[in-house]
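The lines below spell out each chain.
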Amino acid sequence: MRLTPAQLRQFNEDGVLILPNLFSDAEVEVLRAAMNRVLTQDNPANIREKKSEVVRTAMGLHVRDEVFARLSRHPRFVEPARQITGQNLYIQQSKINVKEAFTGEVWQWHQDFPTHHRDDGVPRPEALNLHVLLDDVNEFNGPLYFIRGSHRFGPAASIYDTTTTSHPLWVIDPGVVRQMTDKGDLISAKGKAGTALIFGECVAHCSPPNLSPWTRAIFSLILNPVANRFTNPKRPEYIHHRDLTPVTPLHDGCLLDELEPVA
Ligand code: SIN
Ligand code: MN
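Along each chain, the written sequence defines residue order, and numbers are assigned to residues from 1. To label them, take the chains in the order written and letter them from A, then take the ligands in the order written and number them from 1. Selection of residues for local features in this predicted model requires a pLDDT of at least 70, selection of side-chain atom pairs for listing and counting requires 80 or more, and totals for whole chains, interfaces and linings are taken over all residues. To obtain the side-chain values, all non-hydrogen atoms of the structure were included, while hydrogens and water were left out.

### Looking at the sheet that holds strand E6 (residues 128-133)
Paired through their backbone hydrogen bonds, the strands of a sheet run either parallel or antiparallel. Short version of the rule: For two strands to be treated as a pair, DSSP must find no fewer than two bridges joining them. Helix numbering and strand numbering both begin at the N terminus, where a helix is a DSSP run of H or I of at least 4 residues and a strand a DSSP run of E of at least 2. Axis angles are defined between N-to-C directions and span 0 to 180 degrees, where every axis is a line fitted to C-alpha atoms and, for a helix, only to the segment in contact.
The seven strands lie next to each other as E1-E11-E6-E13-E4-E3-E2, forming an open sheet whose pairing is antiparallel. Strand pairing shows two members of the sheet lacking a second neighbour, strand E1 (16-19) and strand E2 (46-48), which therefore form its edges. Neighbour to neighbour, the strand axes of the sheet diverge by 20° on average, direction disregarded. In terms of strand pairing, E6 meets strand E13 (residues 216-225) through six bridges, oriented antiparallel. Counted as the bridge partner of Asn129 is Ile222 from E13.

Below, the structure is given as structure tokens:
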């Protein structure tokens, strides 16, 4: 699947591209069944909320479950990512972020690059983050907010937050967020389950707590150019994978193919 010139223009202008209903209801059903499998596992790659202890992030998914292995090589993700970057890409990270009904906590304003640069030694902000919504996301259940055009600021001054988040995050200085919102309005990434997002390393984003009765889960895949690989592999492999094999796309119907029976 190739992005149209209009979609590429929008991605370059806004720093984020929303692709409504990129995955079908039948595909979402397969993904949600796989999500339920991984979220109930007792695994160190399942990181829990500070207060409620429910799983907030389940990581390392393409090596934990065949369905996520396929999604991470899905042509509707891999082909646009190769088109945008023009490079060979490895799977840096695959995860699901859950914002549980009533209790799901905040993600502060941040760019992804400062964490990848400072914690993993990724040299340049060239990776892409590809999301697929696994629940319908509305204005109430914790959509991601993006600041339109904020990627043009480049890597911003960030503060290491170890207190308000369940795993430490480099968050953007509030003064810089104000400068960014003086230039660009906010985008709320809402949509039906199956909707996808593509965004780069420097676009500012966050998400508010979920006070609604509707849980919100999102799959996230980070693809990074092999030529821009980590230089400081100190975080666990499930946070930054070390396998640099370039991803090649599977066939378009791969999520609906039979799974091998588990032995
Ligand atoms: C979220 O799941 O709300 C935040 C995800 C992200 O920062 O990529
Ligand atoms: Mn992020």
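### Quick word on the site of ligand 1
Going by this rule: We call a residue near a molecule or strand as soon as one heavy atom of that residue lies within 4 Å of the molecule or strand. Counted as a polar contact is a pair of N or O atoms within 3.5 Å, where, for protein atoms, one must be capable of donating a hydrogen and the other of accepting one, and residues adjacent in sequence contribute only when both atoms are in side chains. Computed by Shrake-Rupley with a 1.4 Å probe, the accessible areas treat only the displayed protein chains as cover when residues are assessed.
Around ligand 1, the structure places Asn97, Lys99, Trp107, His110, His131, Leu144, His205, Ser207 and Arg216. His205 places a side-chain nitrogen or oxygen 3.2 Å from an oxygen atom of ligand 1. Here Arg216 contributes a side-chain N or O atom positioned 2.9 Å from an oxygen atom of ligand 1. Across the complex, the protein chains shield 97% of the 250 Å² of accessible surface that ligand 1 would expose by itself.

### Quick notes on the pattern of salt bridges
For the record, the criterion: One speaks of a salt bridge when a side-chain nitrogen belonging to Lys or Arg is within 4 Å of a carboxyl oxygen belonging to Asp or Glu. Exposure classes here rest on a 1.4 Å probe applied to the protein chains alone. A residue is buried below 20% of its type maximum, exposed above 50%, and partly exposed in between.
Evaluation of the coordinates by the stated rule reveals 11 salt bridges. Residues Arg148 and Asp14 are paired through a salt bridge, measuring 3.1 Å at the closest nitrogen-oxygen approach. Placement of the pair is Arg148 in the loop between strand E7 (144-147) and strand E8 (158-161) and Asp14 in helix H1 (residues 5-14), with a sequence separation of 134 residues. Take Asp14: its relative accessible area is 8%, and that puts it in the buried class. The residue Arg32 makes a salt bridge to Asp135 at a minimum N-O spacing of 2.7 Å. One end of the pair, Arg32, is in helix H2 (residues 25-39); the other, Asp135, is in the loop between E6 and E7, and 103 residues separate them in sequence. Residue class for Arg32 comes out partly exposed when judged on its relative accessible area of 30%. A residue is classified by how much of its surface remains accessible, and Asp135, at 13% relative accessible area, is buried. Shared partners join several salt bridges into a network, and the residues in it are Asp14, Arg148 and Asp185.

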